Amino acid sequence: MAVLLEFKEQVRGIYSKYESYLLPVFKFILAIGIFLLIREKLGYMQRLNSVPFLVILALAASILPMSVMLLITGALVTLHCYALSLPVGVTALLLFVIMYLLYFRFAPQMAYNALLTPLAFGLGIPYVMPVVNGLLQSPTSVIPTVCGTVMYFFLKGVIANEASLATVDEGEQITDKFAEIINQLVGNREMYLTALVFAAVALVVFIIRRLSVDYAWTIAIVTGMLLEYFALFMGYMDIGIYDRMAPLTVGCVVSALIAFVFQFFFFNLDYTRAERVQFEDDEYYYYVKAIPKRYVSGREKTIKKISSNGRPRRDGVTREELMEDMDIHMNDD
């Protein structure tokens, strides 16, 4: 444990020292990951599929606010959907406008939740998002997460039905395509189930981790992951999506491990040394429970100075003393 704590302090020290350099790097990695995922899953507009162009776009996004990265992502998705068909492009644009307004109204500083959620779905670990929302943020942070969930399922439906959405049959009106797209989204029961479970889990985790009980974060993580697993499991059974059971199990296990990593870095307390303090002022009497953080200071290095002429120094050792300590013998010749 001491080694892990020392590693944590080193990581936090490096990040605090080089934050102004590391933050753009992390934003660039997030941006290029999302842009390449859009290119791989959609890629309907060939002009936007150039890797150098996406790298330049990601570099620009890395030095701009996260809200701008969200706008760029929305523009890319909308243009790809428009290249597939006009109704799909217009529907995508309307969805992004609605979600952007919700994001600005309730969670203007949490654009990365909306960006990370589809990426987490692509990696098979979306279940970590509501748990981390509840651990590190306020309950409103789940709104961008739900927005990202809705956009993921919309694009998933577009990809699954791209052949029918790309063409207009003889005698079919363009309004019929709009109705088909809207019905496909509105009738997606899995999307409703996932969004509701995510919102409930984020709220439960937030409430539990704020309780004044020992191991509150651990209880919150375990409770949240179990609630999420069984709620989605029963929901999938009811909907009839039986092929989602194995990915759900693996994804929840991996998500729980990631959540415990977050706990280690942000809320690692030593409950064995908890103290209760009480004091008063003119108006109130206070009862305070103080729990120290686990902390290990860096190892101190001992440096011995050696005199080159063999004479001892006040703050060092002689060459002969050092050779004697190391069991080295000099030849007389």
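These numbers were taken from a predicted model, which means no experiment stands behind them.

Conventions adopted
- Residues numbered from 1 in each chain as written.
- Predicted model: local features only at pLDDT ≥ 70, side-chain atom pairs only at ≥ 80, totals over all residues.
- Heavy atoms only, no water.
- Phe/Tyr/Trp six-rings, centres within 6.5 Å; stacked < 30°, edge-to-face > 60°.
- Salt bridge = Lys/Arg side-chain N within 4 Å of Asp/Glu carboxyl O.
- Helix = DSSP H or I, 4+ residues; strand = E, 2+ residues; numbered from the N terminus.
- Buried < 20%, exposed > 50% of the residue type's maximum accessible area, 1.4 Å probe, protein only.
- Axes fitted to C-alpha atoms, helices over the stretch in contact; angles between N-to-C directions.
- Left-handed = near helix turned anticlockwise from the far one by under 90°.
- Contact = heavy atoms within 4.5 Å.
- Nonpolar A, V, L, I, M, F, W, Y, C, P; charged D, E, K, R; others polar.
- Core = buried A, V, L, I, M, F, W, Y, C linked by side-chain atoms within 4.5 Å.
- Polar contact = N/O pair within 3.5 Å; in protein donor to acceptor, adjacent residues only side chain to side chain.

S.K.: Give me the packing of aromatic side chains: which residues, what numbers.
M.R.: Per the counting criterion, the structure on display carries 6 aromatic pairs. For the ring pair Tyr 229 and Phe 230, a centre distance of 5.3 Å and an interplane angle of 80 degrees mean the geometry is edge-to-face. Clustering of aromatic rings is evident, with ring pairs tying together Phe 121, Tyr 152, Phe 153 and Phe 198.

S.K.: Could you give an account of the pattern of salt bridges, with specific residues and numbers?
M.R.: Within this structure, the stated rule accounts for 2 salt bridges. Here Asp 238 ties to Arg 189 by a salt bridge, and the two come within 3.1 Å at their closest N and O atoms. Of the two residues, Asp 238 sits in helix α12 (residues 216-239) while Arg 189 sits in helix α11 (residues 189-209), which places them 49 residues apart along the sequence. Overall, Asp 238 belongs to the exposed group, its relative accessible area being 57%. On the basis of relative accessible area, Arg 189 is assigned to the partly exposed category, the value being 47%. A salt bridge links Glu 190 to Arg 244, with the nearest nitrogen and oxygen atoms 3.6 Å apart. A residue pair is termed long-range when its members are at least 10 positions apart, and Glu 190 in helix α11 and Arg 244 in the loop between α12 and α13 (245-266) qualify at 54 residues.

S.K.: Kindly report on the packing of helix α7 (residues 128-136) against α11, identifying the contributing residues and their values.
M.R.: With their axes 7 Å apart at the nearest point, α7 and α11 run at an angle of 30 degrees to one another. Crossing of α7 against α11: the hand is right-handed. Between α7 and α11, the contacting residues are Pro 130, Val 131, Asn 133, Gly 134, Leu 135 and Leu 136 on the first element and Phe 198, Val 201, Ala 202, Val 205, Phe 206 and Arg 209 on the second. For the contact of α7 with α11, the per-class residue count stands at 9 nonpolar, 2 polar and 1 charged.

S.K.: Account for the nonpolar core, with residues named and values stated.
M.R.: Counting residues in each nonpolar core, the largest one holds 68 residues, and the members touching the most others are Phe 35, Val 88, Tyr 127, Leu 135, Phe 154 and Tyr 236. Ignoring anything within four residues of it in the chain, the contact list for Val 88 reads Cys 81, Phe 154, Val 158, Leu 165 and Ile 181.

S.K.: Pulling in residues and values, what's your account of the side chain of Thr 145?
M.R.: Tracing the sequence through the fold places Thr 145 in helix α8 (residues 142-160). For Thr 145, the side chain forms a polar contact with the side chain of Asn 133, separated by 2.7 Å. With near-sequence residues (within four places) excluded, Thr 145 lies in contact with Asn 113, Thr 117, Met 129, Asn 133 and Phe 198.

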